[in-house]
Structures are given as C-alpha cells and as structure tokens.
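So you can see what is in the structure, the chains are spelled out below.
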Amino acid sequence: MAHKVQFKTFDQPSFEDFLVYSKLPAHPFWSHIESKIDFSFADELCAGLYSGRGQRPYAPSLKLKIHLVQAYYVLTDRQTEEKIIGDLFIKRFLGLPVDFFGFDHSTIGLDRDRMGSFLLQACHLYILSQMLELGLWGDKNERWIIDSFPSTARIACVGSYRLVQKSALRLLQHTKRFNRPLFDLACHKLPLEALTYRLPPGSTSQARLSAFSKLVVHAFGLLSWFENSALFWDWKPKNAQLKSLELQALLAQILMENAKPYLPEPPKPFEPEGTDASPTTKTDAADATVTASSEAPEAEQLAYVKIPRKDRPSHRIISPYDTDARRGTKNASTSIKGYKTQNLCTTQGVVLGTKAIPGSEHDREAMTGMLRTVQAFFGVIPKAVLGDTAYGHGKQRFELKAFNLEVIAPVASS
C-alpha cells in the first residue's frame, strides 16, 4: 500500500518578508520564470521517491528550482548553498523566508542522486513543453546552437602505481564489507603487502621499477584467485557479487592500460677494442661490465613495467572512483580532466538539452542523439543547427539530413 507523502511547508510570509521582497525590483530572469513556469508537477512526479513515514521532506518542486539555480549559475553544491543564503532574488524565487538557512550542500547532492539523470531529464522536458505552449521557442525559422564546454570536476588524478593500488584496495574493501570469510581467506592465502606499500621519498628508479612490477604481479594474482575461488562463486547476495565482478573488470582494464610484460633488451654483440665502432678504453669497458653485472639480478626480477605515457590509450581510466572520467583537450591552451558538457540551445537562449561526456570523447559523437531526442519528443524542426568545426564532419551531416536537420558548421580539415 502506497503512503501519501506530505512535504514540508513554510509558514505564512511574515511582515518582514513582505517588506523586504516588496522593495526588491523584478529580476529580469527569475521573476519571468516564476510567472510563466509551473514547477508543482514535480511533487506528483517524484512522490514515489519518498516514504510516507518519518520526517517530511522538502517538496521536489522546490528542489527542482534549486537545481535550476545551480545549473544557471554553474555552481558547485557548496556554492549553491551560499547563493541561497545570501541572494534575496533567489530566495524570493524559491519562496523561502528571508531568514531561512535550512539547505546544505549534502542535501542538494543527495536529492540529485535520488532523482537520477532520467527523472531530471523528464522534468526538463516537461518544462520545455510549457515553454513551447507559451511560444518561447519552436518557431519555424528558429536556429539551434550546439557547443561543448569543459567542466570543473574535482578529480584527484594519480600516477599508474597509485591507480593500480587504489583499484585493488577498492576491490578488497568491497569484499571485506560484503563477504568477510572470503576477505579473510584472501588475506591468508595471497601476498598483498604490495597493495599497501608506499615508496619512500628519494627512491631510486630501480626500486620504483621493482615495486611497480611486484604490485602488478600481486594484482594479477588477486584477479586470478577470485576467478578460481569456489567461495566467490557461492557469494550471496548476487548483487554484491556482480559489483565485485565490476570492480575486478575495472582493475583488469587499469592493469592492461598501464602495465606490460618486461622484455629485456638483447645484449649487444661484443666488438673488439680498437675498431671504429667501439672507441672505448679498457677502463670504460670494465666499468660497463661491473655496472651490468650489478644491475642484472634486479633486472631479472622484473615481470612488468609501466607502459610509456605516450603509448597509453588516450581514453584510459584516470580515477578508480570515477570510472567515466577521462583526460582530453578542448584546444591548444585548454586541457580537460574529467568531463565536457554538451549544450544544445536556441539562439534566444532556451536550453533544449545538456549531456556530460568524457573529456576524451569527440564533440561530434553526442550530436546526433541530442538533436534527435528533442526533435522526436516535440516534433520541432529548426531551420538550421549551428556549430563549430567539431560538428562539421560528413557522417553527422549525412545522419541528420535524413531527419531534415541541416547542419551549418565549418568543414573539418582532413
């Protein structure tokens, strides 16, 4: 039986609230939005996300307005909290008392996770349908603009050594939490000291090579042990087992992108002293022999080495916690660490769609899907779609031409 959800309501505006808000002039954006757009639909649409028991939550229509404010000003959760506290125009738009300080950044973030991207998109499409009825967009001579912008994701990027360590430890921590007997058996059977070993400052290059090789060997051993452990395949509940399989696949991908088997270079042929090809002296030759003999035992212990940075895939994983984030470049002077945001809007400034894509993904890849979503949902065909060189490739032009969407963008150089 479904519980009827009752949301928090604010008291009747006080005389102080009326006095302050009446003195504020109309805001060129928020006052217009408040008078034209109805957000109350979100209360019924999102009611299933809340329980009818316990403390009453804030209304989804209020939280949807907060997400709109955050997106409009491109704010983080903490910056949104500060914006609501200190901006009277925003407080009036949200319908809050002047002295209200109730929201915090965690509430905003948790609510966004609760709604999810699909429900937020549904709310956005409903708002667009209201704006379409009001004639704010959808004219037959209208033009749409598509472009991408680097995001401000706070991602702590680490080197290959720490990346493998963090990924393996995340797998073990999941096992410890949901299958303690399997975790205890792994600690008893497997050598796992490399997963927590930290190289001391000033370590030699040979010590770093040996530590990385040992770490990769232990990580591959951990994956092999999970694959052949009968206790793992009897793991219940199955959703925790599936999560473990995801973490194992993540660790395997990180290992393949950052490590390769060590193949020592073949010894150079001996050349007699005094020839043109070997002008070294006896002393130099003796020193080289001593050096090679002293490094040979350590070199033989290497099983894996790092893949040179220039040879690693451009779409490689950069964080074991945010597995979709990637490195990329916007232009010669702007690098991206995380994501890009694809924006589709009208020339009048109505945002028709947004999409977060990995930093290494080309802008053109999301173009067709975003345009087709808006066109298929509303049945609106713009006169043209404007973009820069990144959107001028022939494949996308051909695909969109079949749906009567014309792209105006510079042709990409071959």
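Please read all numbers here as calculations on a predicted model, not as lab measurements.

Asks: How do you make sense of the overall build of the protein chain when you look at a structure like this?
Replies: Each helix and strand counted, the protein chain has 15 helices and eight strands in total. Rg of the C-alpha trace for the protein chain: 29 Å, well past the compact-globule value of 22 Å for 414 residues, more than 25% over. Taking the principal axes of the C-alpha coordinates as reference, the protein chain spans close to 95 × 55 × 40 Å. Within the protein chain, counting contacts between residues at least 6 apart in sequence, those at least 24 apart form 69% of the total. Total accessible area computed for the protein chain in this model is approximately 24700 Å², and 56% of it derives from carbon and sulfur atoms. Each charge class in the protein chain was averaged separately, 50 positive and 43 negative side chains, and the resulting centres sit 3 Å apart.

Asks: Is there a simple way to think about helix 9 (residues 180-189) in this case?
Replies: What sets the pattern is the α-helix's 3.6 residues per turn: residues three or four places apart point alike. Listing the buried residues of helix 9 in full gives Leu182, Phe183 and Ala186. Projected down its long axis, helix 9 carries its buried residues within an arc of 100°, all on one side. Opposite the buried face of helix 9, by more than 90 degrees, sit the exposed residues Pro181 and His188. Where helix 9 is buried, its residues touch helix 8 (160-178), helix 10 (205-228) and helix 11 (230-233).

Asks: Looking at this structure, I do not really get the pattern of salt bridges. What am I missing?
Replies: Pairs can form between side chains of opposite charge whenever their charged atoms are close. Scanning the entire structure with this criterion turns up twelve salt bridges. As a salt-bridge pair, glutamate 193 and lysine 214 come within 3.6 Å of each other at their nearest N and O atoms. Of this pair, glutamate 193 sits in the loop between helix 9 and helix 10 while lysine 214 sits in helix 10, and the two are 21 residues apart along the sequence. A residue is classified by how much of its surface remains accessible, and glutamate 193, at 42% relative accessible area, is partly exposed. For lysine 214, a relative accessible area of 40% corresponds to the partly exposed category. Residues joined in a network through salt bridges with shared partners are Asp147, Lys330, Lys340 and Asp363.

The rules behind each value
- Residues numbered from 1 in each chain as written.
- Predicted model: local features only at pLDDT ≥ 70, side-chain atom pairs only at ≥ 80, totals over all residues.
- Heavy atoms only, no water.
- Helix = DSSP H or I, 4+ residues; strand = E, 2+ residues; numbered from the N terminus.
- Rg over C-alpha atoms; globule rule 2.2 N^0.38 Å.
- Contact = heavy atoms within 4.5 Å.
- Areas by Shrake-Rupley, 256 points an atom, 1.4 Å probe, with all protein chains shown as cover.
- Lys, Arg positive; Asp, Glu negative; His and termini not counted.
- Charge placed at Lys NZ, Arg CZ, Asp CG, Glu CD.
- Buried < 20%, exposed > 50% of the residue type's maximum accessible area, 1.4 Å probe, protein only.
- Arc of directions from axis to C-beta.
- Salt bridge = Lys/Arg side-chain N within 4 Å of Asp/Glu carboxyl O.

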